[in-house]
Amino acid sequence: MCGITGYIGYRQATPVLLEALKKLEYRGYDSAGIAVLHEDALLVRKMKGPLQVLEARLATETIAGSLGIGHTRWATHGEPSDINSHPHTDVSGRIAIVHNGIIENYAKIKAWLQARGGVFKSDTDTEVIAHLINYYYQQYQKDIPGTRDILLHAVQHALTRLAGSYALGVIACDFPDRLIAARKDSPLIVGLGEGEHFIASDVPALLAYTREVYFLEEREVAVLYRDHVDLFTEQGEKIIRAPSHVDWDLASAEKGGYAHFMLKEIHDQAKAFTDTLRPRLTLEAQGWDINFDEIKLDAGWAEAPRIVITACGTAWHAAMVGKYAFERFARIPVEVDIASEYRYRNPVFNPQDIFIVISQSGETADTLAAMRLAKKGGARILAITNAVGSTLSREADLVLYTWAGPEIAVASTKAFTTQLLCLYLLALKLGLLRGCLSDASPYLQALSEVADKVARILNQKELIQRFASRQFNKDKVFFIGRQFDYAVSLECALKLKEISYTHSEAFAAGELKHGPIALVDTNTLVVALATQRELFDKIVSNIREVTSRGAASLVITWEGESAFDAVADEVFTIPQIEDSLSPLLSIIPAQLFAYYCAVQRGNDPDKPRNLAKSVTVE
Ligand code: AGP
């Protein structure tokens with residue numbers, strides 16, 4: 001998974017490309033490179049290592065040119081190295097490309113090109129694209145000059161040979177007036193300026209220059225000139241489309257004064273809740289109501305026999321919370337499945353089912369594949385995603401956006417809690433439609449107050465910071481809980497493991513005696529989530545079981561609750577809310593705990609090792 005960018009206009013391309021790449025580093029950061037057309041040559045500078053390595057290299061030389069492409073890489077084929085970095089060129093060095101995605105049939109194409117004299121420099125899949133474009137470009141050279149745009153046709157012809165995913169930027173010495181872009185299964189956005197145009201994998205890379213964009217649709221090709229942009233279908237038909245306006249402010253895509261994006265995004269949650277809820281909660285004379293104009297739930301929703309939810313990682317944990325919510329409020333059976341399992345287990349479809357896919361990025365390969373499988377089985381797809389214009393949002397039948405704003409840190413926080421909000425609203429709406437809930441107002445009233453309660457928890461972050469400074473070196477951290485608390489425990493454990501690299505697991509508290517308690521020793525911390533009031537005595541017993549075996553313990557429970565004071569080493573309290581809505585609040589202290597442990601251990605919480613923000617390949 002990588003970040004690509006490109007520029008054509010009146011400015012010097014190098015600084016524009018580097019600035020854009022900085023905003024795309026979260027998509028991959030093991031190497032970076034640019035190619036700029038200087039006079040009649042493509043100057044390529046590409047280096048292993050984070051972007052600053054390339055920046056340092058470019059600080060010692062000036063590359064003049066106003067057409068260029070750039071890339072920040074997350075290696076999939078070919079280990080991180082200078083030669084495997086992008087951009088890649090054809091053998092002549094007169095065509096350069098940058099690519100995000102995987103070409104699944106690259107080995108076959110490489111052999112085919114080698115049999116025709118192709119000489120390759122790298123171990124990547126991407127390099128075959130540059131050579132393939134050049135192969136067809138040479139064929140078209142024999143055309144009568146001026147009969148067609150031979151570079152565009154060479155690109156389009158090459159694309160027909162590719163299996164897999166791509167977001168591409170292409171420039172060529174012979175065409176200093178244009179930049180070609182194309183996408184399939186990987187996101188790509190065209191930024192529209194005055195006398196200048198841009199491409200980028202994500203919006204924050206463009207916001208310094210423009211808010212008018214085209215979200216390239218599946219298999220579309222764009223040709224960017226200095227004074228206009230042409231859009232084409234993969235068959236080469238011209239497309240006329242109004243640009244989209246992006247209303248993110250640049251600050252919201254920057255750190256905003258926090259040490260890390262993750263801490264900013266944890267604090268963003270109060271605003272994200274407000275932004276996600278406000279357009280959907282209406283206060284009528286008879287009380288609160290849910291406004292779902294954007295998805296128009298038809299009668300089929302009320303009669304659906306089952307809900308199937310599939311996702312990956314944090315989004316899957318949101319789905320687990322959703323299961324409890326749908327079954328609580330709408331009394332409908334819910335099946336939750338990890339997308340990478342769902343897509344291969346030959347699942348049983350029922351076209352009457354409601355099929356929900358959850359994905360912050362809207363580009364996760366396994367989640368997209370699971371959705372496409374369900375769609376083929378006749379299911380109605382509702383997507384919950386944070387990415388306007390993402391592949392998921394364009395292929396689903398209905399889309400519910402989590403208006404959380406850009407989530408840059410690899411560890412998901414505000415996207416998770418706003419996914420929960422959307423799931424709660426859906427569950428309450430479905431409960432009303434199915435007649436299981438006569439009045440949702442008390443819950444909606446509670447939801448309208450959640451943003452303030454999140455802010456109150458964040459005001460106590462020093463308590464969590466101090467606890468983390470005492471516990472960050474524990475060998476093992478186990479999160480336990482029951483019902484909604486168990487679902488949230490899964491997310492607590494992932495947060496801690498993915499950024500602090502601590503061995504951290506979640507267990508249904510009732511499972512401790514069935515094995516996990518064998519792991520408990522004096523170098524263990526057990527964090528119990530205790531918000532389900534009718535189960536407090538069970539959690540008290542669990543805490544006694546683990547502390548008697550030497551574990552340290554923390555309980556996250558309600559303000560004013562004293563049931564755990566005598567048994568737990570530490571108790572962190574959160575503002576009261578209806579038990580079933582507790583995940584919206586109980587996850588916040590765990591996010592902060594994970595963040596402070598990561599910082600204490602000297603890790604970069606925004607860019608944890610081995611992870612990328614959006615897993616667009618299997
Ligand atoms: C969560 O903190 C991780 N970054 C990861 O598990 C993530 O949730 C997962 O890859 C799914 O991503 P998506 O929501 O963009 O589909």
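See the structure above.
Residues numbered from 1 in each chain as written. Predicted model: local features only at pLDDT ≥ 70, side-chain atom pairs only at ≥ 80, totals over all residues. Heavy atoms only, no water.

A. Quick peek at the nonpolar core. Core analysis: the biggest nonpolar cluster contains 121 residues, and Phe326, Ile356, Ile358, Leu426 and Leu447 have the highest contact counts within it. The leading source of residues in this core is helix H19 (residues 583-600), at 12 residues. Of all hydrophobic cores here, the second largest spans 34 residues; its members include Ile133, Leu151, Leu162 and Phe175. (Core = buried A, V, L, I, M, F, W, Y, C linked by side-chain atoms within 4.5 Å. Buried < 20%, exposed > 50% of the residue type's maximum accessible area, 1.4 Å probe, protein only. Helix = DSSP H or I, 4+ residues; strand = E, 2+ residues; numbered from the N terminus.)

B. Molecular detail of the sheet that holds strand E24 (residues 503-508). Strand order in the open sheet formed by five strands is E24-E23-E25-E26-E27, with parallel pairing between adjacent strands. Whereas interior strands pair on both sides, the edge strands pair on one side only; in this sheet they are E24 and strand E27 (570-574). Strand-to-strand twist in this sheet, taken as the mean axis angle between neighbours without regard to direction, amounts to 20 degrees. With five bridges joining them, strand E26 (residues 552-558) and E27 adopt parallel strand pairing. Bridge pairing links tryptophan 558 to isoleucine 574 in E27. Those strands touched by helix H17 (residues 484-500) are strand E23 (476-481), E24 and strand E25 (524-529), and its axis lies near 175 degrees from that of E24. Sitting on the sheet, helix H18 (residues 536-547) is in contact with E23, E25 and E26, with an inclination near 165 degrees to E26. (Pairing = 2+ DSSP bridges. Axes fitted to C-alpha atoms, helices over the stretch in contact; angles between N-to-C directions. Contact = heavy atoms within 4.5 Å.)

C. Just empty space enclosed by the protein, in detail. Applying the stated criterion across every chain yields a total of three cavities of 30 Å³ or more. Estimates place the volume of the second largest cavity at around 60 Å³. Taken together, Gln156, Leu159, Thr160, Tyr166, Arg219, Val221 and Glu234 form the lining of the second largest cavity. Counting residues per element, the lining of the second largest cavity draws most heavily on helix H5 (residues 150-161), at three residues. Broken down by class, the residue content of the lining of the second largest cavity amounts to three nonpolar, two polar and two charged. (1 Å grid on protein atoms, 1.4 Å probe; cavity = no way out; pocket = protein on both sides within 12 Å on 5 of 7 lines; lining within 4 Å. Points joined across faces, edges and corners; volume = space filled by probe spheres on them. Nonpolar A, V, L, I, M, F, W, Y, C, P; charged D, E, K, R; others polar.)

D. Fine view of the site of the ligand. In the neighbourhood of the ligand, 15 residues make up the surrounding shell, with Ser359, Gln360, Ser361, Thr364 and Glu498 lying closest. In this structure, threonine 314 approaches the ligand through a main-chain N or O atom, which is 3.0 Å from an oxygen atom. One of the backbone N or O atoms of serine 412 is found 2.8 Å from an oxygen atom in the ligand. Protein chains shield 91% of the accessible area of the ligand, which is 410 Å² for the free molecule. Here the ligand is seated within the second largest pocket. (Near = heavy atom within 4 Å. Polar contact = N/O pair within 3.5 Å; in protein donor to acceptor, adjacent residues only side chain to side chain. Areas by Shrake-Rupley, 256 points an atom, 1.4 Å probe, with all protein chains shown as cover. Sits in = over half its atoms within 2 Å of the grid points.)

E. Molecular detail of the sheet that holds strand E8 (residues 179-184). Strand order in the open sheet made by the seven strands is E5-E6-E7-E8-E12-E13-E14, with antiparallel pairing throughout. Looking at strand neighbours, the two that pair on one side only are strand E5 (88-89) and strand E14 (238-239), the edges of this open sheet. Sheet strands touched by helix H4 (residues 127-141): E5, strand E6 (95-100) and strand E7 (166-172). Its angle to E6, the strand with the most contacts, is close to 140 degrees.

F. Molecular detail of the side chain of aspartate 30. Note that aspartate 30 resides in the loop between helix H1 (13-24) and strand E2 (31-38). For the buried aspartate 30, no salt bridge is present, and the opposite-charge side chain at shortest range is arginine 73, 4.4 Å distant. (Lys, Arg positive; Asp, Glu negative; His and termini not counted. Salt bridge = Lys/Arg side-chain N within 4 Å of Asp/Glu carboxyl O.)

G. Inspection of the layout of surface pockets at higher detail. Space inside the second largest pocket adds up to approximately 480 Å³. Residue lining of the second largest pocket: 22 residues in total, with Cys312, Gly313, Thr314, Lys613 and Val615 positioned closest to the centre. When contributions to the lining of the second largest pocket are tallied by element, the ones reaching two or more residues are helix H9 (313-329), helix H11 (365-376) and H17. Residue classes in the lining of the second largest pocket are distributed as eight nonpolar, 10 polar and four charged.

H. Local environment of helix H2 (residues 51-59). Three or more residues of H2 are buried, namely Leu51, Leu54 and Leu58. One side of H2 holds all its buried residues, which, seen down the axis, span an arc of 65 degrees. Among the structural elements, H1, E2 and strand E3 (41-48) are those in contact with the buried residues of H2. (Arc of directions from axis to C-beta.)

Shape descriptors only; they carry no functional weight alone.
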